[in-house]
Amino acid sequence: ISATGWVLDSLCLYSLASGFGVDPALHVDIFEEFDNLKSSAGVSQVQGFHNETRAYLFEGTSRNARASLKAAERILQKLRGRTEFTLLLTLKQEKFSSGVLLSIHYGEQRFLEVESSGLRNEIRLFFQTSDQRQQREVFPYSLADGHWHKVSLAFSATQVSIHIDCNRIYERIVEMPSMDFPRGTNIWLGQRNDAHGFFRGVMQDVQLVVIPHGYIIQCPDLNRTCPTCNDFHGLVQKIMELQDILAKTSSKLALAEEKMKYLDGCYCERTCTLNREIYRDDDAWIDGCRNCTCSNGTVECESIFCPPPQCPPDTAPIYMPGACCKECQPVCLFRGRVYVEGDRKSVHDSEGNCLLFECRDRSMRRVEITSCPELNCPESEQITLTDRCCKVCRGAAGHSRNCVENSDCINLEAGAFCSCKEGYHALRDDSAYCQDIDECAEGKHYCRENTMCLNTPGSFMCVCNTGYVRIDDYSCTESCEGNLFRMKQSCCVYLVCLWCLLCFCMADIDECEMGRHSCANDTVCFNVDGGYDCRCPHGRNCTGDCAHDGKVKDNGQIWVLDDDRCSVCSCQSGLVMCRRMVCDCENPTVDVLCCPECDPRLSSQCLHQNGLLAYSNGETWEENCQQCQCMRGEVDCWPISCAPVADCEFTVVPEGECCPRCVTDPCLADTIRNDITKSCVDEYGITRFSGSAWTKHGTECSLCQCKVLDTYITTHRHTRYKSPSSSTLFIIEYLDLNPCGCHYF
């Protein structure tokens, strides 16, 4: 590296040594406060990561690691009202296990709970907000690997950061947690309660500190403002390791490309896939109202041809459910108009009552009307259709058996009609059947330079050409472009940027000369740009053996990894292929640790908290908006994944459902999304963050709220302001409090 000497000289000028103590009033040693920990069943003192403090082994399910009410109150008193605190602990968690590290809860209210799932390889954080809503955050990371880890979880107002082994792996903006604990709040260590969430492994140095950047207690080296020489040397070492990984990957890719050349001489029948069905070449079938064929791996469909029907008197051509072409059906004559079978008409009698008639057997027959459903739209948006007496919401999507494929039923002034979904066009004139629009073939896309248009159901996507990286959804640029400069002549093998201040290009390393390759004994290493290649010398027959973890594996050999008994590797012509073990419960020698669903023992079953249901090991189910699984007698649950609600200011989770929906009425909303990085200034010159609320000066009946709005919204009473730091328009809304406690926007 040409810039290495200069960087070393520059960085070695900076170093910062730090040390500090912590006020006992701001520090909690959990082991000291849990005075009954030694006598708790299933908990024993063991050798820890170091000998300076105590370490405890948590095992079994018959334990009661709960702080006494007095000890819990001492801990909570230091946390009450705090907006900045850190949980620190050192642990070694049993492989593939799941359990709660620390839980502070009152009944069903989880004020702070940290859980590590070895099943899902994630850290879960549960807490309660100031308005008593339960929040959960999921951080993908595996702690349950049987190794020691230093863990730090730091809260600072609305920011939470996680450090593992002194490396910051996550920093996220969340809602501010509430530290207003009621008396009687319980604190559990290594379990959620006396029946669930049992942690398996060893814990040491479990602490709570209420100072900024509390992780520095665990990792003093992080308390520096400038990098040191040691930082740079460590970075260079990491770069060398990454180069080695890159070289190995390049070698495997070269071998794969070499093997792909032989496939050109093979005959491969190209099949087609549509709606998860596979069709062979030249197959023909009917899909909805389309005739489809498979031609050279591509599905080609065209609309079914419908001849004009010749209908006798007293009948008319109409579409019937499930049919693609119009069929002759009997008609009814009512008040000078013709109606087909199944059509409805609403009329009003002399007293203004609505009467509903339906065409049946060539005559209009009276239909009894039950109660009308409650609508969730304003009265001004409620309309009356000609085929019913109950009002509906204008433009709202309805339900109709006539709108079949990629089509929605829409309520309009003139009645209910089928409308093709966005990105689809109609196959027949009533829009009951719709097919995808190929934006790429029809030139209806926005893909720009260096991209290729790829059609998707209802839309399209722009794929970057080889050697380019994405700028936005529609354009790409050269992959060798750096943050601070651009390499126009050639791309770097590896581009290194130190702290968004200095970037330099790594030159090629000769892995063969340096001995940093994994070629087997009977092959020869050849250096290539950015990597190396293992080749068989001319006139010799190479064995195809593999080099793995410093050992030579025979070609065709199969083995289990030393550090992961559930992964199987094999040597195939010089390449090492690894995969997870396939579970065969019929095999009597199956490893139940890797295949818990194959464990028939009663001790591996899980009992539901109601005491009536029992789940087998490995069985999964859904409960209380969580996906749960029984793992060796323990239940591991994680939040059900919900699709993001985009471009929505107000959301609500309907009763009986788990995922939020978009609503327009703020009185119905569960949450309101605000950008806390923005602010506005009220009429008295006070800076307010977006989403904050305050009582209007001089009155107790008006509540003000600062909101960032992209479009104008009509409010009960509002005042416009400009942000002093930007041109963003803010609207401070005055929300009059009404007797029911609802704030009208």
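Above this text you will find the structure in question.
Below you will find a few notes about this structure. Quick caveat, the model's predicted, so the values are computed rather than measured.

When its secondary structure is counted, the protein chain shows seven helices and 58 strands. For the protein chain, with 745 residues in total, the buried portion stands at 37%. By sequence separation, contacts in the protein chain at least 24 residues apart represent 43% of the contacts at least 6 residues apart. Split by element, the accessible area of the protein chain, about 43700 Å² in all, is 50% carbon and sulfur.

Quick look at the environment of aspartate 281 now. Within the secondary structure, aspartate 281 sits in the loop between strand S15 (277–279) and strand S16 (284–287). Aspartate 281 sits in the partly exposed class, given a relative accessible area of 30%. The contact partners of aspartate 281, leaving out residues within four places of it in the chain, are Glu269, Arg270, Cys294, Ser295, Asn296 and Gly297. Of the polar contacts made by the side chain of aspartate 281, one reaches the backbone nitrogen of asparagine 296; its length is 2.7 Å.

A few words now on the pattern of salt bridges. Going through the model one piece at a time under the given rule, you end up with 23 salt bridges. Across the pair glutamate 115 and arginine 192 runs a salt bridge, and its minimum N-O distance is 3.6 Å. Residue glutamate 115 is found in strand S6 (residues 109–117), and its partner arginine 192 is found in the loop between strand S12 (186–189) and strand S13 (201–209); the two are separated by 77 residues along the sequence. The class for glutamate 115 is buried, based on a relative accessible area of 3%. Glutamate 358 serves as the salt-bridge partner of arginine 360, at 3.5 Å between the closest nitrogen and oxygen. A relative accessible area of 14% means that glutamate 358 is categorised as buried. Residues participating in the shared-partner salt-bridge network are Arg110, Glu113, Glu115, Glu122, Arg124, Arg192 and Asp636.

A word on the pairing of strand S24 (residues 363–367). Where strand S23 (residues 354–360) and S24 come together, five bridges link them in antiparallel fashion. Residue arginine 360 lies in a different strand from S24, and its bridge partner there is serine 363. Between the end of S23 and the start of S24, which pair antiparallel, lie two residues, with aspartate 361 showing a positive phi angle near 50°.

This part covers the sheet that holds S16. Spatial ordering of the open sheet is given by S16-S17-S18, a layout of three strands whose pairing is antiparallel. Only two strands of the sheet have a single partner each, and these edge strands are S16 and strand S18 (298–303). Strand-to-strand twist of the sheet, defined as the mean angle between neighbouring strand axes without regard to direction, takes the value 30°. Relative to strand S17 (residues 290–295), S16 is paired through four bridges, and the arrangement is antiparallel. Note on S17: the bridge partner recorded for isoleucine 286 is asparagine 291.

With that settled, the discussion passes to the pairing of strand S22 (residues 344–348). When a strand is regular, its side chains alternate between the sheet's two faces. Note: S22 against S23, five bridges, orientation antiparallel. Pairing of arginine 344 across the sheet is with glutamate 358, part of S23.

The next point concerns the sheet that holds strand S49 (residues 634–639). Within the open sheet, the three strands sit side by side as S47-S48-S49. Their pairing is antiparallel. Because the sheet does not close on itself, it has two edges, and the strands there are strand S47 (620–623) and S49. Across the sheet, the mean angle from the axis of one strand to that of its neighbour is 30°, orientation sign disregarded. Examined bridge by bridge, strand S48 (residues 626–631) and S49 share six bridges and lie antiparallel to one another. The partner of glutamine 627 across the bridge, within S49, is tryptophan 638.

Judged by nonpolar contacts, the single largest core of 46 residues is most densely connected at Leu189 and Met203. It is helix H3 (residues 69–79) that contributes the most residues to this core, five residues altogether. Residue contacts for methionine 203: discarding those within four places in its chain leaves Phe31, Arg54, Ala55, Tyr56, Phe58, Leu89, Thr90, Leu91, Val100, Leu101, Leu189 and Gly190.

Definitions and cut-offs
Residues numbered from 1 in each chain as written. Predicted model: local features only at pLDDT ≥ 70, side-chain atom pairs only at ≥ 80, totals over all residues. Heavy atoms only, no water. Helix = DSSP H or I, 4+ residues; strand = E, 2+ residues; numbered from the N terminus. Buried < 20%, exposed > 50% of the residue type's maximum accessible area, 1.4 Å probe, protein only. Contact = heavy atoms within 4.5 Å. Areas by Shrake-Rupley, 256 points an atom, 1.4 Å probe, with all protein chains shown as cover. Polar contact = N/O pair within 3.5 Å; in protein donor to acceptor, adjacent residues only side chain to side chain. Salt bridge = Lys/Arg side-chain N within 4 Å of Asp/Glu carboxyl O. Pairing = 2+ DSSP bridges. Axes fitted to C-alpha atoms, helices over the stretch in contact; angles between N-to-C directions. Core = buried A, V, L, I, M, F, W, Y, C linked by side-chain atoms within 4.5 Å.

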